[in-house]
Each structure stands twice: as structure tokens, then as C-alpha cells.
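# Reading the structure
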Number of protein chains: 2
Amino acid sequence: MKTDSTKPQVPKPEDLASDEPYKIGLFGYGCVGQGLYHLIDQLKHAGAEVVRIGIKDGKKSRDLTADRFTLDKTQILNDPTIQLVVEVIDDAAEAYRIVREALIAGRKVVSANKKMLAENLPELISLQHDFGGTLLYEAAVCGSIPVIRTIEDYYADEPLIRLSGILNGSSNYILSKVFSEGVAYSEALQSAQQLGFAETDPTLDVGGFDARYKLCLLAAHAFGVLVKPEQVLSAGIHGLNNADLEFARSQDKQLRLVATAERVGTELALFVMPQLLDAHQLLRGVENEFNAVVIEGSFSGPQFYRGKGAGSHPTASAVWADVKAAARSFSYGYEKLKTTLLQGITNDLYLPVYLRANETIHRHLTWEQVEHRSIDTVQGIIGLKQLVAHQKLLQEQKVFVALNGNLLRKDPISGVLQAHQSEVAELIPVLKNNVV
Amino acid sequence: MKTDSTKPQVPKPEDLASDEPYKIGLFGYGCVGQGLYHLIDQLKHAGAEVVRIGIKDGKKSRDLTADRFTLDKTQILNDPTIQLVVEVIDDAAEAYRIVREALIAGRKVVSANKKMLAENLPELISLQHDFGGTLLYEAAVCGSIPVIRTIEDYYADEPLIRLSGILNGSSNYILSKVFSEGVAYSEALQSAQQLGFAETDPTLDVGGFDARYKLCLLAAHAFGVLVKPEQVLSAGIHGLNNADLEFARSQDKQLRLVATAERVGTELALFVMPQLLDAHQLLRGVENEFNAVVIEGSFSGPQFYRGKGAGSHPTASAVWADVKAAARSFSYGYEKLKTTLLQGITNDLYLPVYLRANETIHRHLTWEQVEHRSIDTVQGIIGLKQLVAHQKLLQEQKVFVALNGNLLRKDPISGVLQAHQSEVAELIPVLKNNVV
């Protein structure tokens, strides 16, 4: 069947509408780099071309001829014909040097290295300002989900109430396999690595550090709060055992590693930890390498986005979206950094948790309330401050701790624990009439 | 706790960064118009201002002084100080006249009227081209979910395999109440109207027409296919009765009104109809006035977005996002219209359905396969062509028909029905090596 009309003339020239293809210098030819190369190769009509690929190991066998590669990064960084630098290497220190140098040269840069980005964000923002370059990094958070761009484009002015998400595809894959399919933890981890979901150092994934980097990036864009990763609690899944799984099942809950950003008065609380999810919670049911994020806006209400958070092509699709955006001179506005009323971060929250540890560790922890205690587990309420204060110990000893209920605060006068409620009223004055 | 660093200087000026507020002429002061007015009023720092509001009824009591309103549309359309026209009125014919005139004047326009947009899209695209104006309409599809912009920004080049969604908040609200809470249909409809979710004429919602307009808009952006709404099957929920609900429950399925776009070879199949959803389907569990959409890309994989699809503030938040985008001169690229390989639309698909109708109607329908027949219901396989051919009859008689399984096609040689599979291979040549 023919459609009704001949196609109308469309108003805008193509983004990459020059006769010459848009020239990309690519650093890294691992899982994401290869995905991007193939994607660009297959979307020839889109008008981009990878003209050179910077690598560190010239001896590895690769599926392209040697003349496409270079071991000398200046061959990309100093090439004036290259219009965009894309950095998808594993090594955060080297990624930092590349991105920094490119930005100082006023270049357009796309990066996917969340560790490097989260650790250096204030400087990277200033470099864009000072030298007129652009840095985009959609692929660094939630793989294929356009979460940073959506926050920038959609929620630049709207005060956000909270954000939470499954930000690490690798640990989510492991939890899915272990929890739903009964696969052993070590086997699930190995399988995640083979599929290219896991970082080279799996501690980044299963220790919650990767999710923490991503949460720090989201905190900047969604709340205008800049924070060093080490200021944020990160509790991982590497201490998980069968007793913990049994406990989750007995409560009919699902276990996921969740990153949370929550407004507490004029401050922001941030933490990454396993969470026991009820049937009604949106993040429940996000399986395997999928990521998901819930963004609660004061006008738009709760938004839920779910998509692949790892893998060659899904991640490359986000890099590609940045390539296109850079080509049409899009840059992040960092609007929330200019307008936020938030003063910084706080750990003044109380968490109902399930925690399993040995006796020595238990002796270090002060509880607000204990509901149930066994030989090695406690179910009760603990201050986020307590967990942050003992973060190093908890990480080293692979203590398993999971959020198991709603956030609490202490009444400033009576000291009584009560349900935490975001001060939406403070954000949005009561409307003059009753529009829904 | 103080964060680690003083804030860096951010690279970009604000979108609306002039000393003067960005001047908006607003048509319509109903549910969405009021929401937008209040949103802009509360986001004063964002730098926009509604300078005049065009209305058709001067006698209605309103919460603003009379001097803000005008009954004369030329006071907005001919005012050279107004930088953006926002149209959120109910009347599609009048909305068309306003938008057309504004575009011919080369203006920037934001509209939320899906009926008007879907019925006139080719012309509205051409007018942008010919007169240099801009038309944005995020709020016309899925309320608060930034679906059109995401497709434009993210999937402009990536071939999409399918798209499906719950696009009508009003009928979804009714189905939720009826199905999950046991409320009577008429009562649920009335409640949707009181909450401002339903159109003035509820047939637009419950007949599936509103979702069909939205599907047509999505088909243009996501697949580059322009289609007149009346070419697309629209089966609604207004014929639903208790026997249908019982049937759904007996199969442990959930009933939702779903709009589907599916690649079939080099053509696109489009239809709106109730669907019986399995536990594993992403659209299941989308309740009340929420909308949701699943977009399956060839690189990015399946993406799922869920957010409020109706209501004053959620819809206004999407209009506001368009205001901001217009202010920084964003316009839709309609990239897919230029590059798609799709030839048009097809109804060459076979659907497993549950259908209830009276004997007269049953006599009109030819089935491919009947699995179960009762006095008034048939469970079996029917051609989409059959349903389209009898669309008028089915609508008039409020026949209840629901998709109940996976799409099928006929083998072109043997004529045997078999599972429909999108030709992903045709879209994405096999990769040279096995990256995931």
C-alpha cells in the first residue's frame, strides 16, 4: 500500500551535511571502540568516518589493517583535519591525559570513561569554559539510555526530587543470574566478563564503584551538585552469599544494586548499595545487562527509563549519539550548576537495612534500632553516617548490607525517627487553583 | 557537609540568556494552558514570560485578570514582540488555522494538538521548510515522556525494528480502574474526565483515535513513514464488558490499549488495539494515567520509557521543554523521512486475537484459523487486512477485539502461517567479528 502523500521537503539540512565525511580520531579499539567502528561503517549515509585509531598494544591481532592504527597519540591529537576525538579506552589516567590535552586545544571530545570523568569533572567543565572545546559523555552513564541528554534537555529548569537507578550492567547481570537462575556467583561473574559487560577489574563493578562514578555524574547534571566519588557511600555485592539470597526470597523481594540521589532539605544524599525491592518498585524486574533510572521531577512526575547498560553496540549507540550531537555543536549547559539551591551533600538519613558481617565488624557499628539479630546478621535501622564512617572496613571485609525499606530522618527536636519526605512544597509553591 | 570544590565556570550561556524575558503568546487556558502558565510563573529564573493568552470564551471565570486575555487571535499572531506561539487549545480546526498562519509568518510554534498534527503533518513540515519557521510538539505524544526528541536526537540514523506503546493516558486510566480495582467502566470514564485526563469527546480516547494520531506522529519520526490516520486500524476499549475482563484474568493476562509499529520487510505495519499482555511484557504494569513506549533499535536494543501521559503539569512540562528548545533554535531534523528505505504501510500481518461480537458481525469476518468459538466470542487468527476492511463496522458496533499473542505472517510460497520476524539482518549486515 502506498502512503498518502509524496514526501514533503524537510526543513533542516542534515547534521553532518558536508560533502566530506565528519572526521573522527578514535582512542581505543576494545568492546566499545569496535562497536562504534562497525556502527559508523554500517551507517555510511550518516556521513562520519573514523580516520585513525589510537591503541596502546601494537601486537594484538585486529580485524582492520595496521595502517588504521597508531601507537602515537599525537598523530590524532595534533592532526588538524580531525574534527572530533572519541576516547573509549580502559585506562582512566591515560584517558584523562588525552581528554585534557584535547580540551586545552579547544577540541570537541566524546568520552565513555566514567571513572576519569567523575574524578575530574570540575576541571573538565572549566576546561570547556576556558578553551571553548566541548566534552560529551552519554555513554559513560547507563549505556544506551539517553539519560544525561534527557536531564540536560528536559529537566534543566525543573527541580528534581529524587533519582535512583540500576547503573551497573555487570553487577545487575550477575545478580540476575544468581538470584533468578541460581547460577553461582563466580560463574556469573565470569560469564559477565566473557560477554564484555564487566570492567577489566571486576571490583569496579561488584564493589559498587562504577555505579558510584555514574551517580556522581548524574548528581552534577540532575541536581547541580559536584562531589568527589570517595565522599559517597558505595556498598557492593561481592560479599553476597546464599543466606542473603534466602533472606531476600523469604521476603518476596528482589535484590538489585541501586544508586540513589535524594533531596534532604537543602542538601543531597547520595549512596550506592544493594537494595531489596518490593513488587511495586519500578527497578524490580530490570534483568541482566539492562540499566534503568527513575527521575522524579516536580512537574513531570516520575519518569522511568530502561535500556541496555553494557555491551558493544548498545554502548556504541550512545557514543554515536554524542558524535552526532557534537557535529551539530551541541554542548552540555550544566544549567543546574548555575541555578541549584542545594548546598552540598549530606549523610543525615537513616536506613532500614539487612546487614551480615562477622562479630568484630558488628562491634564497630552503632544501630539506631535493631529489629532482628542472628549470629551474623542484623535487621535494623542505621545512620548513613555510620555506614560512611566505616566504609573502608565494610568494603575490605566484603560486608553485605542492603537497604530494606523506606528512608528515614530524625525529627530535629524530638529525635524520633520518621519517614523521610522530600520538601516538594519548598520546590513548588501551592497552586492557585486545583489543576491536577 | 560541603562538597569538595567551588563550582567551576560553566561553558555555555543560558538558553534564554537575554536581559528581557522570552515572550510567549499562549493560545488556550484549559488544563495544559494553566499548567504551563503556572510552571513558567514558578520558574521565573528560567527567563520566559506569557505576555498574552488567546481564548474563545470571554465569560468564563479565570484566575488571572482580564487584561492577560484576548479573544482576538491577531493580537498574538500579529504582535512582532512575541517570540514564540504556544497552542494548547482543544479545537483541532482552529489549532490548524493558528499554527498554519504562524508558520507562514515564519514563527516558532509549539503545539500539543495530536489530531491537528497527525492530520496535517506533511503540510506542516513543508511550511517549516518554505517559510523558515519551527514547529515542535513533544507534548502531543506521551505527555511528559520526551519520546519525539529522543527519537530525533538519538535514533536519527539508527534503523528501528519496532515501536509499541501505551499512548493514551485516559483509556489506560480507565483500564487500570476497571481491571485492577473492579470499578465500573462508566464510573472510571467519568473519573478520568474529572481528573482532566480525558479529551472533551471521550470517543477520541476510548475509541483508540487519540492513540492512532500519536502513532502516526511517531511513525514519521521513528520510521520516516507518513500516513493518514484513517489508513491505520484503530480498535478501542469502549466495547469492553465483564466477560472480556474475565477472559483476560483467566489467562493471567493484563489488558492494555497498545499502539504498534512493526517493520514488515520494506514496509511498516501500524495498528492500535487492546492487547492481552503476558507477565514478561514491558508494557504490563503501566497503570493509571501513565504512558509508556518501547523502541527497539538495531544497535541500542530495546529501550523502555514510562512517564505520566496526561495531567496538567506533566503535559505542561513537555510544552515547557519545547519552549526551551525553540528558544535555542532547535528544530526537528525529520532525518528518517530523508533516509528511510521503507516504502509505505502494509497490513500483511496475521494476528492471534480474542474477539467478541454479535452474530451479524461474525458473518462478515473471515478467519485464518479458529481455535475456540462460543456464542459471541472467537479466539483465533485473523488478517490485519480483514480488521482494516471492517474497521468502520467494528467501531460502530463497539466490537471488542484484543491481540492475544505474537504477530504472524504467511510464508509467501506455502501460505503457511509462521512467526513474524523483523528482517534485522537486512538492516544490520553481519558483523565481521563477534562483538556482543
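The rules behind these values
Residues numbered from 1 in each chain as written. Chains lettered and ligands numbered in written order. Predicted model: local features only at pLDDT ≥ 70, side-chain atom pairs only at ≥ 80, totals over all residues. Helix = DSSP H or I, 4+ residues; strand = E, 2+ residues; numbered from the N terminus. Rg over C-alpha atoms; globule rule 2.2 N^0.38 Å. Buried ≥ 20, exposed ≤ 12 C-beta atoms within 10 Å, placed from the backbone. Contact = placed C-beta atoms within 7 Å. Axes fitted to C-alpha atoms, helices over the stretch in contact; angles between N-to-C directions. Parallel < 35°, antiparallel > 145°, perpendicular 65-115°, else oblique. Pairing = 2+ DSSP bridges. Expected span 1.5 Å × (residues − 1). Domains from an automatic or database assignment. Core = buried A, V, L, I, M, F, W, Y, C linked by C-beta atoms within 7 Å. Left-handed = near helix turned anticlockwise from the far one by under 90°. Nonpolar A, V, L, I, M, F, W, Y, C, P; charged D, E, K, R; others polar. pLDDT = per-residue confidence, 0-100.

## A word on the overall build of chain A
Scanning chain A from terminus to terminus reveals 16 helices and 18 strands. A compact globule built from 436 residues would reach a C-alpha radius of gyration of about 22 Å, and chain A, at 23 Å, matches this within 12%. Seen through its principal axes, chain A has C-alpha atoms that stretch 70 × 60 × 55 Å. Going through the 436 residues of chain A one by one, you find that 53% of them count as buried.

## What about the environment of A:N172?
Residue and element names in this part refer to chain A. Mapped onto the elements, N172 comes out in helix α6 (residues 169-181). Owing to 29 C-beta atoms within 10 Å, N172 belongs among the buried residues under this scheme. Residues N172 and A192, spaced 20 residues apart in sequence, show a C-alpha to C-alpha distance of 9.6 Å. Look past the residues within four positions of N172 in its chain and what remains in contact with it is I166, R256, L257, V286, N288, E289 and F290.

## Looking at the packing of helix α3 (residues 92-104) of chain B against helix α4 (residues 114-131) of chain B
Residues and elements named next belong to chain B. Orientation of α3 relative to α4, taken along the N-to-C sense of each, is 10°, at an axis distance of 10 Å. On the basis of the axis angle, α3 is roughly parallel to α4. Contact residues: α3 offers A92, A95, Y96, V99, R100, L103 and I104, while α4 offers K115, M116, N120, L124, L127, Q128 and F131.

## Some remarks on the sheet that holds strand β6 (residues 134-136) of chain A
Residue and element names in this part refer to chain A. Taken in spatial order, the 6 strands make up an open sheet running β3-β2-β1-β4-β5-β6, and their pairing is parallel. Because the sheet does not close on itself, it has two edges, and the strands there are β3 (69-70) and β6. Taken together, the 6 bridges between strand β1 (residues 22-27) and strand β2 (residues 48-54) define a ladder with parallel strand orientation. Looking at β2, one finds that G25 is bridged to R52. Contacting β1, β4 (84-87), β5 (108-111) and β6, helix α3 (residues 92-104) runs over the sheet at an angle of about 160° to β5. Each of β1, β2, β4, β5 and β6 is contacted by helix α11 (residues 312-327), which is oriented at about 165° to β5, the strand it contacts most.

## Looking at helix α9 (residues 209-223) of chain B
All names here are of chain B. Compared with the 21 Å implied by 1.5 Å per residue over 15 residues, the 20 Å span of α9 between its first and last C-alpha is a close match. Counting buried positions along α9 yields 15 of 15 residues, so the element is predominantly enclosed. The positive-phi residue at the C-terminal boundary of α9 is G224, with phi of around 70°.

## Some remarks on the domain arrangement of chain A
All names here are of chain A. Assigned domains within chain A: domain 1 (22-136) and domain 2 (147-309 + 338-419). For domain 1 versus domain 2, the distance between C-alpha centres works out to 31 Å. Tallying the contact residues gives 9 residues for domain 1 and 10 residues for domain 2. Of all the elements, helix α4 (residues 114-131) adds the most residues to the side of domain 1 that touches domain 2, at 7 residues.

## Description of α6(A)
Because the α-helix completes a turn every 3.6 residues, residues three or four places apart line up on one side. Residue and element names in this part refer to chain A. With 13 residues, α6 extends 17 Å from end C-alpha to end C-alpha; this agrees with the ideal 18 Å at 1.5 Å per step. For α6, the tally of buried residues reaches 10 of 13 residues, placing the bulk of the element in the interior. G169, S170, S171, N172, Y173, I174, L175, S176, K177 and V178 are the residues of α6 that are buried. Those residues of α6 that are buried are in contact with β7 (160-166), α7 (185-194), α8 (203-206), α10 (242-250), β9 (254-264) and β11 (290-297). Backbone geometry just after α6 places G182 at a positive phi near 70°.

## Re unusual backbone geometry
Residues and elements named next belong to chain A. Despite not being glycine, C142 shows a phi value in the positive range, around 65°. Mapped onto the elements, C142 comes out in the loop between β6 and α5 (147-154). Of note, the phi angle at Y334 is positive, near 45°, even though the residue is not glycine. With respect to the secondary-structure elements, Y334 resides in the loop between α11 and α12 (335-339).

## Here's the deal with the nonpolar core
Soluble globular proteins tend to pack their nonpolar side chains together in the buried interior. In this structure, A:A219, A:V319, B:A219 and B:V319 are the most contacted members of the largest nonpolar core, which totals 290 residues. Ignoring sequence-local partners within four residues, the contact set of B:A219 consists of B:V225, B:V227, B:A261, B:L268 and B:L270.

## A short note on the packing of helix α1 (residues 31-42) of chain A against α11(A)
Residue and element names in this part refer to chain A. Where α1 contacts α11, the two axes come as close as 8 Å, and the packing angle between them is 65°. As judged from the angle between their axes, α1 and α11 are roughly perpendicular. Considering only the axes of α1 and α11, their crossing is right-handed. Residues C31, V32, Q34, G35, L36 and L39 of α1 pack against S312, H313, T315, A316, S317, V319 and W320 of α11. Of the residues contributing to the contact of α1 with α11, the split by class is 7 nonpolar, 6 polar and no charged.

## Side note on the pairing of strand β10 (residues 267-277) of chain B
Residues and elements named next belong to chain B. Within β10, 10 of the 11 residues are buried, leaving the element largely enclosed by the surrounding structure. Alignment of strand β8 (residues 233-234) against β10, held across 2 bridges, turns out to be parallel. Residue pairing for β10: S234 is matched across the bridge by V272. Sheet topology note: the strand β9 (residues 254-264)/β10 ladder contains 11 bridges and is antiparallel. Among the inter-strand pairings, A261 is bridged to a residue of β10, identified as L270. Taking the residues that link successive antiparallel strands as the turn, the β9-β10 hairpin has 2 residues, and the phi of G265 there is positive, at about 60°.

## What to know about the sheet that holds strand β1 (residues 22-27) of chain B
Residue and element names in this part refer to chain B. Judged by pairing direction, the sheet is parallel, and its 6 strands sit side by side in the order β3-β2-β1-β4-β5-β6 without closing on themselves. Looking along the sheet, the strands with just one partner apiece sit at the ends: β3 (69-70) and β6 (134-136). Both strand β4 (residues 84-87) and strand β5 (residues 108-111) contribute to a ladder of 3 bridges, which runs parallel. Among the inter-strand pairings, V85 is bridged to a residue of β5, identified as V109. Where α3 meets the sheet, it contacts β1, β4, β5 and β6, and its direction lies at approximately 160° from that of β5. Where helix α11 (residues 312-327) meets the sheet, its contacts fall on β1, β2 (48-54), β4, β5 and β6, and the angle it forms with β5 comes to roughly 165°.

## A closer look at the pairing of strand β12 (residues 301-308) of chain A
Residue and element names in this part refer to chain A. A large share of β12 lies buried, amounting to 6 of its 8 residues. Summarising the sheet, β11 and β12 pair through 8 bridges and their orientation is antiparallel. When the sheet's bridge partners are listed, N291 is paired in β12 with G307. Where β11 folds back on β12, the antiparallel hairpin that results is connected by 3 residues.

## Some remarks on the environment of B:F27
Residues and elements named next belong to chain B. Locating F27 in the fold gives a position in strand β1. Separated by 59 residues in sequence, F27 and V86 place their C-alpha atoms 6.1 Å apart. Once you skip the residues sitting within four places of it in the chain, F27 turns out to touch G54, I76, V86, E87, V88, I89 and I98.

## Side note on the confidence of the model for chain A
Residues and elements named next belong to chain A. Overall, the prediction assigns chain A a mean pLDDT of 91, with 93% of residues at 70 or greater. Considering only residues more than four positions removed or in separate chains, one finds that residues 12-16, a stretch of pLDDT under 50, has 13 contacts. With pLDDT under 50 throughout, residues 425-436 is counted as low confidence; its partners more than four residues away or in other chains account for 16 contacts.

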